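# Secondary and tertiary structure notes
Okay, here's what each chain looks like letter by letter:
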Amino acid sequence: MKIIVAGAGIGGLYAAYLFGKKGHGVTVYEKTDGLENMRYDWHDDANPIAIRNLGIEIPKESFPKKDWTFISPCGNALGMTQSDENRDFSIERRPLNKVLYGMAKEYSDVVFGKEIKSAYIEDGTVSGVIFADGSVEKCDLVIDSCGVDSPIRKSLPVTYGIDGEVGKDSVFVAYRAFYDAVPDAEVKYTNKVYMKHLGKQGISWCIVDNDPTKINVLVGRVGELNKEELNLSLAELRKDNPVLGEKLERGGIVCKIPVRRPLDVMVADGYVAIGDAACMTVPLIGSGIVTSLYAAKYLFEAVGDGNDSSAGKLWAYQYKVYADFGAQHCGVDYLKNWLLRQKNSTIDWIFGSGIMSNRDLQETSVGKLIKLTFKDVTEKLRKGFSRLHLLIPMALMLSKAQKIVKIAKNIPEKYDEIAIAKWANRLDKACGK
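Just so you know, these numbers come straight off a predicted model, no measurement behind them.

Quick notes on the rules
- Residues numbered from 1 in each chain as written.
- Predicted model: local features only at pLDDT ≥ 70, side-chain atom pairs only at ≥ 80, totals over all residues.
- Heavy atoms only, no water.
- Pairing = 2+ DSSP bridges.
- Helix = DSSP H or I, 4+ residues; strand = E, 2+ residues; numbered from the N terminus.
- Axes fitted to C-alpha atoms, helices over the stretch in contact; angles between N-to-C directions.
- Polar contact = N/O pair within 3.5 Å; in protein donor to acceptor, adjacent residues only side chain to side chain.
- Contact = heavy atoms within 4.5 Å.
- Buried < 20%, exposed > 50% of the residue type's maximum accessible area, 1.4 Å probe, protein only.
- Salt bridge = Lys/Arg side-chain N within 4 Å of Asp/Glu carboxyl O.
- Parallel < 35°, antiparallel > 145°, perpendicular 65-115°, else oblique.
- Left-handed = near helix turned anticlockwise from the far one by under 90°.
- pLDDT = per-residue confidence, 0-100.

## Looking at the sheet that holds strand E11 (residues 136–138)
- Ordered in space as E9-E10-E11, the three strands form an open sheet in which the pairing is antiparallel. Only two strands of the sheet have a single partner each, and these edge strands are strand E9 (116–122) and E11. If you compare each strand with its neighbour and ignore which way they point, the axes differ by 35° on average.
- Taken together, the three bridges between strand E10 (residues 125–131) and E11 define a ladder with antiparallel strand orientation. For Ile 130, the partnering residue across the bridge sits in E11 and is Val 136.

Below, the structure written as structure tokens:
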């Protein structure tokens, strides 16, 4: 089967390796001009065991993540600790990209400087791609790894049931940079995450990196981030973190990351979305390294060495994605949206009252929904009894989130357009779309 991987995303490159190794004819088209500029110049959290289990080498530049400290809008600090065996690693994206590129290149072609404009459709089937220069290349399957603003996904007919646009309220606009560290400056917490920083919808962070001479900074907002907001946030971060210097060492760009549940539908005849193009990042932290890699594995398992690229065949891929992590992400996405709608005083109380346990933070940070036992409920009632008017809505939110997970897990196992449309409609209504 002839396969085009559109965009050299993490999931796309691993898919190219798997399909190419199996004997399919695979070509990866990447719009950037070369390997060195192909990936963001920073690192993101990922589980190293999960990556190694796929036979992928962890870049030597990676390192164990330090414990997080979450800061509420008024300054309440809530720490999260992890055991060494469950601790995420900070994975450098460019070195990981080189590893995946090397794997893909061994069995497939990778073409740089070739931008794809849209899907090429014949008789209702995606049969190739149209490049920015107007030329067309036909294929049996297009694997869309073009990111959250994928031009291919946007070009698909609405009859496919695949969301072309990802709404502004589902996109995290983030500034990522590394600044110099001020020598001998006081550091109280090494990994500080500011929730609803300056009262805005989003987060900021200031992290003393593995290299103590560099400070890792993020300023992210839901929907948009203007220059004035960015400069004000950086000034406040420096005020609260004397270790944060003024000299930009690396990074310093703004990117767009989907922070929502996966697409309701991510397959069609001759087409499949993967990674950010299918909104596979963890809704709370925006990292999609592990999920994208495993999605590639599930896609390969769905197709194997056959020549069937119909939606019916590809549906097994989406079913497995939802079973493994997608359904949980739907619940976490609902939790995230609820938190963003709360008053700053409510967020302060949640962080300062002690009702959020270490386990709660661990679960949500990796895309899993909080599960409450009877003992958990009793303990939260004890700690939050004086604020029942706040605790009760939170409990109702968690109950609704669990219901959403249940609906998402009830995804039709077999491809049936009517059944899928009914399921997607029910899920959309439950999530408030």
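## Some words on the side chain of Ser 204
- Within the element layout of this structure, Ser 204 appears in strand E15 (residues 202–208).
- A polar atom in the side chain of Ser 204 sits 3.4 Å from the side chain of Arg 221.
- Every residue in contact with Ser 204, bar those within four places of it in the chain, is listed here: Lys 192, Val 193, Tyr 194, His 197, Leu 218, Val 219, Arg 221, Ser 233 and Leu 237.

## Examining the sheet that holds strand E3 (residues 43–46)
- One open sheet accounts for three strands, arranged E3-E7-E4; its pairing is antiparallel. Sheet topology places E3 and strand E4 (63–64) at the edges, where each strand pairs with a single neighbour.

## Some remarks on the environment of Thr 159
- Position of Thr 159 relative to the elements: it lies in the loop between helix H4 (151–155) and strand E13 (171–181).
- Classification of Thr 159 by relative accessible area gives exposed; the value is 71%.
- Sequence separation between Thr 159 and Gly 124 is 35 residues, and the spatial gap between their C-alpha atoms is 9.4 Å.

## Thoughts on the pattern of salt bridges
- By the definition in use, this model includes 21 salt bridges.
- Here Asp 44 makes a salt bridge to Arg 93, at a shortest N to O gap of 2.6 Å. On the criterion of sequence distance, the pair formed by Asp 44 in strand E3 and Arg 93 in helix H3 (residues 93–107) is long-range, its members being 49 residues apart.
- Lys 214 is the partner of Asp 211 in a salt bridge, and the nearest nitrogen-oxygen pair spans 3.2 Å.

## Description of unusual backbone geometry
- Positive phi is not limited to glycine here, since Lys 196 has a value of about 45°.
- Within the element layout of this structure, Lys 196 appears in the loop between strand E14 (191–195) and E15.

## What about the packing of helix H1 (residues 10–21) against H3?
- Packing of H1 against H3 leaves a shortest axis separation of 7 Å and a crossing angle of 25°. Relative to H3, the element H1 is oriented roughly parallel. Crossing of H1 against H3: the hand is left-handed. Residues Ile 10, Leu 13, Tyr 14, Ala 16, Tyr 17, Gly 20 and Lys 21 of H1 form the contact with H3, whose own contacting residues are Arg 93, Leu 96, Asn 97, Leu 100, Tyr 101, Met 103, Ala 104 and Tyr 107.

## A look at the pairing of E9
- One ladder, built from six bridges, connects E9 with E10; its direction is antiparallel. Directly across from Ile 116, in E10, lies its bridge partner Phe 131.

## A look at the confidence of the model for the protein
- Taken residue by residue, the protein gives an average pLDDT of 89. The fraction at 70 or more is 91%.
- Low pLDDT, under 50, characterises residues 372–378; the stretch is placed with five contacts to residues that sit more than four places away or in other chains.
- Note that pLDDT drops below 50 for residues 380–386; the model gives that stretch 14 contacts with residues more than four away or on any other chain.

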